[in-house]
Amino acid sequence: MALPAILEGRLRLPAIAAPMFLTSGPDLVVEACRSGIVGTFPALNQRTSDGFVDWLRTIEQRLTAYRLAAPYGVNLIVHKSNARMTADLDIIAKHKVPLVITSLGVVQDVVDTVHSYGGVIFHDVVNRRHAEKAAEAGVDGIVAVCAGAGGHAGALSPFALIEEIRSFYSGTIILSGAMSTGRHVATARMMGADLAYLGSRFLATRESLADPDCKRMVVESRSADVIYTPNISGVPASFMRPSLVAAGLDPENLPSHRELATKTEKKAFKSIWSAGQGIGAIRDIPGTAELCERMIAEYRTAIGEAMQDPFIAGKS
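Along each chain, the written sequence defines residue order, and numbers are assigned to residues from 1. Restriction of local features to residues with pLDDT of at least 70 applies here, the model being predicted, together with a cutoff of 80 or more for giving and counting side-chain atom pairs; totals for whole chains, interfaces and linings are based on all residues. Side-chain measures were taken over the full set of non-hydrogen atoms in the model, leaving aside hydrogen atoms and water.

Examining the overall build of the protein chain
Now for step 1: Each helix corresponds to a stretch of at least 4 residues labelled H or I by DSSP, and each strand to a stretch of at least 2 residues labelled E; elements are numbered beginning at the N terminus. Along the backbone of the protein chain there are 14 helices and 10 strands.
Now for step 2: Relative to the 2.2 N^0.38 estimate, which gives 20 Å for 316 residues, the radius of gyration of the protein chain is 19 Å and therefore close to what a compact globule would have.
Now for step 3: With the C-alpha coordinates of the protein chain rotated into their principal frame, the extents come out at 60 × 50 × 40 Å.
Now for step 4: The classification of residues rests on relative accessible area computed with a 1.4 Å probe and restricted to protein chains. Under 20% of the type maximum is buried, over 50% is exposed, and intermediate values are partly exposed. Scored against the burial criterion, the 316 residues of the protein chain give a buried share of 52%.
Now for step 5: Throughout, a residue-residue contact means that at least one pair of heavy atoms, one from each residue, lies within 4.5 Å. Within the protein chain, contacts between residues separated by at least 24 positions form 64% of all contacts whose residues are at least 6 apart in sequence.
Now for step 6: Accessible surface is estimated by sampling points in the Shrake-Rupley manner with a 1.4 Å probe; for residues, cover comes only from the protein chains shown. Entry remark: accessible area of the protein chain is about 14,400 Å², with carbon and sulfur atoms responsible for 53%. To get the radius of gyration, use the C-alpha atoms; to get the globule rule, take the number of residues to the power 0.38 and multiply by 2.2 Å.

This is the structure:
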């Protein structure tokens with residue numbers, strides 16, 4: 001298991017509660033971390049850099065009460081379209097955020113800045129070429145965003161992408177895509193990933209900042225209700241069919257992204273909600289701590305069952 005030193009001995013489950021836009025906040029992060037799972041949030045979930053600082057202070061202060069809590073992390077969009085990138089990176093360095101997860105490009109200065117204060121940096125990828133660039137930049141971990149993931153998902157099978165990344169990369173590999181249970185986390189480990197990356201499952205928790213109607217939609221929907229399309233955001237991403245219908249769109253005949261941007265009222269986009277194919281396994285809206293304990297138990301059961309497999313025990 002290839003884990004950075006800051007994670008060794010501090011996790012009860014090899015998993016990260018993935019940073020979800022407009023959904024992950026301090027309550028979800030703290031509850032995940034104190035339960036032994038890495039909690040994360042996007043810097044842009046706070047609309048200003050001052051607000052971002054407030055959230056960091058809140059998380060840090062609350063986690064001091066939990067000596068054995070898992071580290072927390074922040075997602076930083078490094079694309080040139082993020083006007084706050086430099087300011088937020090300075091804040092991250094000042095607060096020495098333990099884990100930084102970058103998206104939409106690899107920037108060497110960002111990697112160097114995080115490493116300068118002893119932080120760890122993971123990077124999102126959807127294919128081998130992006131993974132190779134991340135490895136060349138010296139990131140500590142690569143998040144393989146595979147088919148079935150929520151948000152801006154990839155289209156590759158995890159069996160394909162994990163093997164290709166491991167062929168040239170010895171660092172931490174984190175698997176993202178349609179995972180909702182502790183058994184799924186165990187499967188990710190058996191496939192060769194070091195950590196699992198779960199988003200949609202944490203979307204439907206009491207601490208999530210998601211709209212209550214969105215949480216209910218996650219519980220009521222199944223994998224067939226997830227539409228993978230570039231038409232909404234301009235980049236292939238997963239969205240819940242019922243939310244597209246509620247916004248007045250025909251999921252089977254979506255206008256192009258450009259047409260949507262010019263013809264659809266901005267308020268309509270606020271009710272178009274993303275989720276991954278793993279929502280078919282989500283049937284309730286528990287507290288984050290309760291969910292973490294459940295997944296830890298599921299993980300241990302799954303690993304225990306695997307160890308009793310007759311092919312492992314030599315009884316076949």
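Alright, that's what it looks like, and here's the rest.
Notes on the pairing of strand β2 (residues 38-42)
Now for step 1: Counting buried positions along β2 yields five of five residues, so the element is predominantly enclosed.
Now for step 2: Of the two faces of β2, the one carrying Val 38, Thr 40 and Pro 42 and the one carrying Gly 39 and Phe 41 are both buried.
Now for step 3: Strand pairing is defined by DSSP finding a minimum of two bridges between the two strands. Here strand β1 (residues 15-17) runs beside β2; their pairing, made up of two bridges, is parallel. Opposite Ala 17, over in β2, you have Gly 39 as the bridge partner.
Now for step 4: For the handedness criterion, the strands are oriented away from the viewer, and a crossover whose path from the first strand over the helix to the second runs clockwise is classed as right-handed. Following the chain from β1 across helix α1 (residues 26-34) to the adjacent parallel β2, one finds a crossover that is right-handed.

Some words on the pattern of salt bridges
Now for step 1: Salt bridge, as applied in this entry: a Lys or Arg side-chain nitrogen positioned within 4 Å of an Asp or Glu carboxyl oxygen. One pass over the full model with this rule turns up 13 salt bridges.
Now for step 2: Notably, a salt bridge pairs Arg 166 with Asp 194, separated by 2.9 Å at the nearest N-O pair. Within this pair, whereas Arg 166 is found in helix α6 (residues 158-166), its partner Asp 194 is found in the loop between α7 (182-190) and β8 (195-198), the two being separated by 28 residues in sequence.
Now for step 3: Taking relative accessible area as the criterion, Asp 194 reaches 3% and is therefore assigned buried.

Remarks on the packing of aromatic side chains
Now for step 1: Side-chain rings of Phe, Tyr and Trp, where Trp is taken by its six-membered ring, are said to pair if the distance between their centres is within 6.5 Å; with planes under 30 degrees apart they count as stacked, over 60 as edge-to-face, and otherwise as tilted. Tallied over the full model, the rule gives two aromatic pairs.
Now for step 2: Seen in terms of ring centroids, Phe 41 and Phe 52 are 6.0 Å apart; in terms of plane orientation they differ by 65°. Their pairing is edge-to-face. Pair noted here: Phe 41 is in strand β2 and Phe 52 is in helix α2 (residues 49-63), with a separation of 11 residues, a long-range link. Accessibility classification places Phe 41 together with Phe 52 in one group, the buried group.
Now for step 3: Between Phe 41 and Trp 55, the ring centres sit 5.4 Å apart and the planes meet at 70°, which makes this aromatic pair edge-to-face.

Details of the environment of Glu 252
Now for step 1: Its place among the elements puts Glu 252 in the loop between α10 (241-246) and α11 (257-263).
Now for step 2: With a relative accessible area of 59%, Glu 252 lands in the exposed category.
Now for step 3: In this structure, the C-alpha to C-alpha distance between Glu 252 and Pro 310, residues 58 residues apart in sequence, is 47 Å.
Now for step 4: Pairs of N or O atoms within 3.5 Å make up the polar contacts considered here, provided that, within protein, one atom can donate a hydrogen while the other can accept it, and that residues adjacent in sequence are counted only when both atoms are side-chain atoms. Reaching out from Glu 252, the side chain makes a polar contact with the side chain of Arg 241 at a distance of 2.4 Å.

Describing the sheet that holds strand β7 (residues 172-176)
Now for step 1: Here we have eight strands rolled up into a closed barrel, ordered β1-β2-β3-β4-β5-β6-β7-β8, and parallel in their pairing. The average angle at which neighbouring strand axes cross in this sheet is 25°, direction not considered.
Now for step 2: By the bridge criterion, three bridges tie β7 to β8 in an arrangement that is parallel. Paired with Ser 176 across the strands is Tyr 197, a residue of β8.
Now for step 3: In the packing of α1 onto the sheet, the strands contacted are β1, β2 and β3 (72-77), and the crossing angle to β2 comes to about 160°.
Now for step 4: To obtain an axis, a line is fitted to C-alpha atoms, over the contacting stretch when the element is a helix, and the angle between two such axes runs from 0 to 180 degrees between their N-to-C directions. Across the face of the sheet, helix α3 (residues 85-95) comes into contact with β3 and β4 (99-103) while running at roughly 160° to β3.

A closer look at the packing of α1 against α2
A pair of packed helices can be characterised by two numbers: the angle between their axes and the separation between those axes.
Now for step 1: Two elements in contact, α1 and α2, have axes whose closest approach is 10 Å; the angle formed by their N-to-C orientations is 30°. Taken together, the axes of α1 and α2 are roughly parallel relative to one another. Judged by the twist between their axes, the crossing of α1 over α2 is right-handed. In this structure, α1 contributes Pro 26, Asp 27, Val 29, Val 30 and Cys 33 to the contact, and α2 contributes Trp 55, Thr 58, Ile 59, Arg 62 and Leu 63.
Now for step 2: Across the contact of α1 with α2, the residue classes break down as seven nonpolar, one polar and two charged. For this classification, under 35 degrees means roughly parallel, over 145 means roughly antiparallel, 65 to 115 means roughly perpendicular, and everything else is oblique. The sense of a crossing depends on the near helix, which, turned anticlockwise from the far helix by less than a right angle, makes the crossing left-handed and, turned clockwise, makes it right-handed. Nonpolar residues are Ala, Val, Leu, Ile, Met, Phe, Trp, Tyr, Cys and Pro. Charged residues are Asp, Glu, Lys and Arg, and all others, Gly as well, are polar.

Structural notes on unusual backbone geometry
Now for step 1: Positive phi, normally seen in glycine, also occurs at Leu 22, with a value near 65°.
Now for step 2: Position of Leu 22 among the secondary structure elements: in the loop between β1 and α1.
Now for step 3: Although it is not a glycine, Leu 104 adopts a positive phi angle of roughly 65°.
Now for step 4: With respect to the helices and strands, Leu 104 occurs in the loop between β4 and α4 (108-116).

Concerning α6
Since one α-helical turn is 3.6 residues long, residues separated by three or four positions face the same way.
Now for step 1: Buried within α6 we find Pro 158, Leu 161, Ile 162 and Ile 165. Along α6, the residues classed as buried sweep out an arc of 95° about the axis, all on the same side. Facing away from the buried side of α6, by more than 90 degrees, are the exposed residues Phe 159 and Glu 163.
Now for step 2: Here the buried face of α6 lies against β5 (120-125), α5 (128-137), β6 (141-145) and β7.
Now for step 3: You can read the cap of α6 off the contacts: a side-chain oxygen lies 3.1 Å from the backbone nitrogen of Phe 159, and it is on Ser 157. This arc corresponds to the set of directions leading from the helix axis out to the C-beta atoms.

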